[in-house]
Amino acid sequence: LLRRRAGGRAVKPRAWTTLLVMFVVVAVCAAAQEFSPPLGAARLKPPLLLGAAVYWGMRREPLWAGLAAAWCGALEDALGGVPCGTSPLLLAPLAVAASIFARPQIERGLAACLLAGAAAAPALQLWQYLALRLAGGYAPLAPVALGSRLALAVPAGALAALAVGGAAAALDWLSVNTGLEEDDRE
């Protein structure tokens, strides 16, 4: 009764729990990111949606990583005024690559989320800046201002990924959803 058919394959019952956890984490991250005050003189919002995408990239299989990153990227664009589709184009491949290449190499803990968040945040900031510049909706920044924004994105991304990763891991644990990584490999 709990198993449903999707494209001829049975969907595991805990997949629904993963989707529920993902929905809660992404919704809370989107609300918190939108209503949090900007950080520093660079007026950078804490990249909590990036932290959610990083968590699924470092803790789940590529399908879950891509789904979470695409959803987080779409919300990032909607809340940040970035041209539609900009963030998912960067986040989804990064999360899938992290799931395929980095996850097997690095212990699946919060330190891995911290490192991935620190690496992905400046890349996302630069990508969004370039998209806004190409769309004509953003005045050019001085190299010092752009550099300081990218430098501030490193610790902001690391701390956001650490905080979101800890909260998402706790929610996974509370929902008895912690063994799904191993279940997906069967």
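Before reading further, recall that the structure is shown in the block above.
Reading the values: rules and limits
Residues numbered from 1 in each chain as written. Predicted model: local features only at pLDDT ≥ 70, side-chain atom pairs only at ≥ 80, totals over all residues. Heavy atoms only, no water. Helix = DSSP H or I, 4+ residues; strand = E, 2+ residues; numbered from the N terminus. Buried < 20%, exposed > 50% of the residue type's maximum accessible area, 1.4 Å probe, protein only. Contact = heavy atoms within 4.5 Å. Areas by Shrake-Rupley, 256 points an atom, 1.4 Å probe, with all protein chains shown as cover. Axes fitted to C-alpha atoms, helices over the stretch in contact; angles between N-to-C directions. Parallel < 35°, antiparallel > 145°, perpendicular 65-115°, else oblique. Left-handed = near helix turned anticlockwise from the far one by under 90°. Salt bridge = Lys/Arg side-chain N within 4 Å of Asp/Glu carboxyl O. Patch = residues over 30% accessible without salt bridge, like charges linked within 9 Å, V, L, I, M, F, W, Y side chains within 5 Å. Nonpolar A, V, L, I, M, F, W, Y, C, P; charged D, E, K, R; others polar. Polar contact = N/O pair within 3.5 Å; in protein donor to acceptor, adjacent residues only side chain to side chain. Expected span 1.5 Å × (residues − 1). Core = buried A, V, L, I, M, F, W, Y, C linked by side-chain atoms within 4.5 Å. Phe/Tyr/Trp six-rings, centres within 6.5 Å; stacked < 30°, edge-to-face > 60°.

## Examining the overall build of the chain
Broken down by element type, the chain carries seven helices and two strands. Of the regular secondary structure in the chain, the N- to C-terminal order runs β-β-α-α-α-α-α-α-α. Buried residues in the chain amount to 42% of all 186 residues. For the chain, restricting intrachain contacts to residue pairs at least 6 apart in sequence, the fraction spanning at least 24 positions comes to 73%. Element-wise, carbon and sulfur atoms account for 71% of the exposed surface of the chain, whose accessible area totals about 9,600 Å².

## Examining the packing of helix α2 (residues 48–59) against helix α5 (residues 110–135)
Between α2 and α5, whose axes approach to 9 Å, the crossing angle comes to 130 degrees. Classified by the angle between their axes, α2 and α5 sit oblique to one another. For the pair α2 and α5, the sense of crossing is right-handed. Contact residues: Leu50, Val54, Tyr55 and Met58 in α2; Ala112, Cys113, Ala116, Gly117, Ala120, Ala121 and Leu124 in α5.

## Brief notes about the pattern of salt bridges
Applying the stated rule across the entire model yields one salt bridge. The shortest N-O distance in the salt bridge between Asp172 and Arg60 comes to 2.8 Å. Of this pair, Asp172 sits in helix α6 (residues 143–174) while Arg60 sits in the loop between α2 and α3 (62–80), and the two are 112 residues apart along the sequence. In terms of burial, Asp172 and Arg60 fall into one category: buried.

## Notes on a nonpolar patch on the surface
A contiguous nonpolar surface patch, about 370 Å² in accessible area, is contributed by Leu20, Phe23, Val24 and Val28. Mapped onto the elements of the fold, Leu20 is located in helix α1 (residues 13–35).

## Brief notes about the packing of α5 against α6
Axis separation between α5 and α6 bottoms out at 7 Å; the angle between their running directions is 140 degrees. Here α5 is positioned oblique relative to α6, judged by the angle of their axes. In this structure, α5 meets α6 at a crossing whose hand is right-handed. Contact with α5, carried on its side by Leu110, Cys113, Leu114, Gly117, Ala118, Ala121, Pro122, Gln125, Leu126 and Tyr129, involves Leu146, Arg149, Leu150, Ala153, Val154, Gly157, Ala158, Ala161, Leu162, Gly165 and Gly166 of α6 and no other residues of that element. Of the residues in the contact of α5 with α6, the class split is 15 nonpolar, five polar and one charged.

## Regarding the side chain of Gln33
Relative to the elements of secondary structure, Gln33 occurs in helix α1. Here Gln33 falls in the buried class, since its relative accessible area comes to 7%. A polar contact of 3.1 Å, which involves the side chain of Gln33, links it to the side chain of Glu76. When near neighbours in sequence (up to four residues on either side) are disregarded, Gln33 contacts Lys45, Pro46, Pro47, Leu48, Leu49 and Glu76.

## Remarks on α5
For α5, which comprises 26 residues, the first-to-last C-alpha distance of 36 Å matches the rise-based estimate of 38 Å (1.5 Å per residue) to within 8%. With its phi angle positive at about 80 degrees, Gly136 sits one or two positions after the end of α5.

## Remarks on the nonpolar core
Most often, soluble globular proteins have nonpolar side chains that are buried together. Val25, Cys29, Leu50, Ala52, Val54, Trp56 and Met58 are the most contacted members of the largest nonpolar core, which has 40 residues in total. Of all the elements in the fold, those that place two or more residues in this core are α1, α2, α3, α4 (86–105), α5 and α6. The leading source of residues in this core is α2, at nine residues. Apart from residues no more than four positions distant in its own chain, Cys29 is found in contact with Leu48, Leu49, Ala52 and Val164.

## So, the environment of Ala167
By the element assignment, Ala167 lies in helix α6. Measuring from C-alpha to C-alpha, the distance between Ala167 and Val25 comes to 8.0 Å, with 142 residues separating the pair along the chain.

## Brief notes about the packing of aromatic side chains
In this structure the tally under the stated criterion is two aromatic pairs. For the ring pair Phe23 and Trp71, a centre distance of 5.9 Å and an interplane angle of 15 degrees mean the geometry is stacked. With Phe23 in helix α1 and Trp71 in helix α3, this pair connects stretches of sequence that are 48 residues apart. Residue Phe23 is classed as partly exposed on the basis of its relative accessible area, which comes to 48%. Ring centres of Tyr55 and Trp56 lie 4.9 Å apart, and the angle between their planes is 90 degrees; this geometry places the pair in the edge-to-face category. Classification of Tyr55 by relative accessible area gives buried; the value is 0%.

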